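The lines below spell out each chain.
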Amino acid sequence: MAHTVIPMYVMHQKIAVFDERTVLLGSLNALSQSWTREVMVTMRGAYFARKLLAHEHAETFSRPPKCRRCQGTEIEIRRRKNGNWFWRCYATACKTTPSGRSNAWTQDIRLRDGR
């Protein structure tokens, strides 16, 4: 679904789906580490891959908007305490006020299941 990595704030699991058939699932930074003792499981199967992509809202999450304040693309996904997801700009110039406080642009994400 995504040709880029979409940052998710405070998420440790890693999920990579290739050709909607091969799934890498675990905690290992699969594209950058080979020296840790973390785990990555490879599973093959189109049905499993499609179900996982749907469960993780991949279609929605793979299309982050541009920041409406700075027009940048440094966008991450966050989750509120109530469980609702939202986009947040993490560009330093955009989120920091002249006094040094954070005032990042955000936009709620509407999912098909209503959350």
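Our structure's up above, just so we're on the same page.
Read on for a plain summary of the structure. Please read all numbers here as calculations on a predicted model, not as lab measurements. (Residues numbered from 1 in each chain as written. Predicted model: local features only at pLDDT ≥ 70, side-chain atom pairs only at ≥ 80, totals over all residues. Heavy atoms only, no water.)

### Points about the sheet that holds strand β5 (residues 85–89)
Link 1 in the chain: Reading across from one edge, β4-β5-β6 is the order of the three strands in this open sheet, with antiparallel pairing throughout. Here the strands that pair on one side only, and so sit at the sheet edges, are β4 (75–79) and β6 (106–108). On average, adjacent strands in this sheet sit at an angle of 30° to one another, irrespective of strand direction.
Link 2 in the chain: Where β5 lies against β6, three bridges are found, and the strand directions are antiparallel. The residue bridging W87 from the neighbouring strand is Q107, located in β6. (Pairing = 2+ DSSP bridges. Helix = DSSP H or I, 4+ residues; strand = E, 2+ residues; numbered from the N terminus. Axes fitted to C-alpha atoms, helices over the stretch in contact; angles between N-to-C directions.)

### What to know about the nonpolar core
Link 1 in the chain: Counting 13 residues, the largest nonpolar core has I77, W87, C89, W105 and I109 as the members making the most contacts within it.
Link 2 in the chain: Those elements giving two or more residues to this core turn out to be β4 and β5.
Link 3 in the chain: In terms of residue count, β5 provides more of this core than any other element does, three residues in total.
Link 4 in the chain: Contacts of I77, omitting those with residues within four sequence positions, involve I6, P7, M8, Y9, F61, W85, F86, W87 and I109. (Core = buried A, V, L, I, M, F, W, Y, C linked by side-chain atoms within 4.5 Å. Buried < 20%, exposed > 50% of the residue type's maximum accessible area, 1.4 Å probe, protein only. Contact = heavy atoms within 4.5 Å.)

### A word on the pattern of salt bridges
Link 1 in the chain: Scanning all chains against the criterion turns up three salt bridges.
Link 2 in the chain: A salt bridge links E76 to R88; the shortest N-O distance between them is 3.2 Å. Within this pair, whereas E76 is found in strand β4, its partner R88 is found in strand β5, the two being separated by twelve residues in sequence. By the burial criterion, E76 is buried, and R88 matches it.
Link 3 in the chain: D108 serves as the salt-bridge partner of R80, at 2.7 Å between the closest nitrogen and oxygen. With a gap of 28 residues between them, R80 in the loop between β4 and β5 and D108 in strand β6 connect regions that are remote in the sequence.
Link 4 in the chain: In this structure R80 comes out as partly exposed when scored by relative accessible area, which is 32%.
Link 5 in the chain: Each of E76, R78 and R88 takes part in one network of salt bridges that share partners. (Salt bridge = Lys/Arg side-chain N within 4 Å of Asp/Glu carboxyl O.)

### Side note on the packing of aromatic side chains
One pair of aromatic rings is described through two measures. These are the centre distance and the angle between the planes.
Link 1 in the chain: Going through the model one piece at a time under the given rule, you end up with two aromatic pairs.
Link 2 in the chain: Aromatic pair F61 and W85: ring centres 5.2 Å apart, planes at 65°, arrangement edge-to-face. With F61 in helix α2 (residues 58–61) and W85 in strand β5, this pair connects stretches of sequence that are 24 residues apart. Summarising the burial analysis for this pair, F61 and W85 share the class buried.
Link 3 in the chain: Seen in terms of ring centroids, F61 and W87 are 6.3 Å apart; in terms of plane orientation they differ by 75°. Their pairing is edge-to-face. Separated by 26 residues along the polypeptide, F61 in helix α2 and W87 in strand β5 bring together distant segments of the chain. Each member of the pair, F61 together with W87, is buried. (Phe/Tyr/Trp six-rings, centres within 6.5 Å; stacked < 30°, edge-to-face > 60°.)

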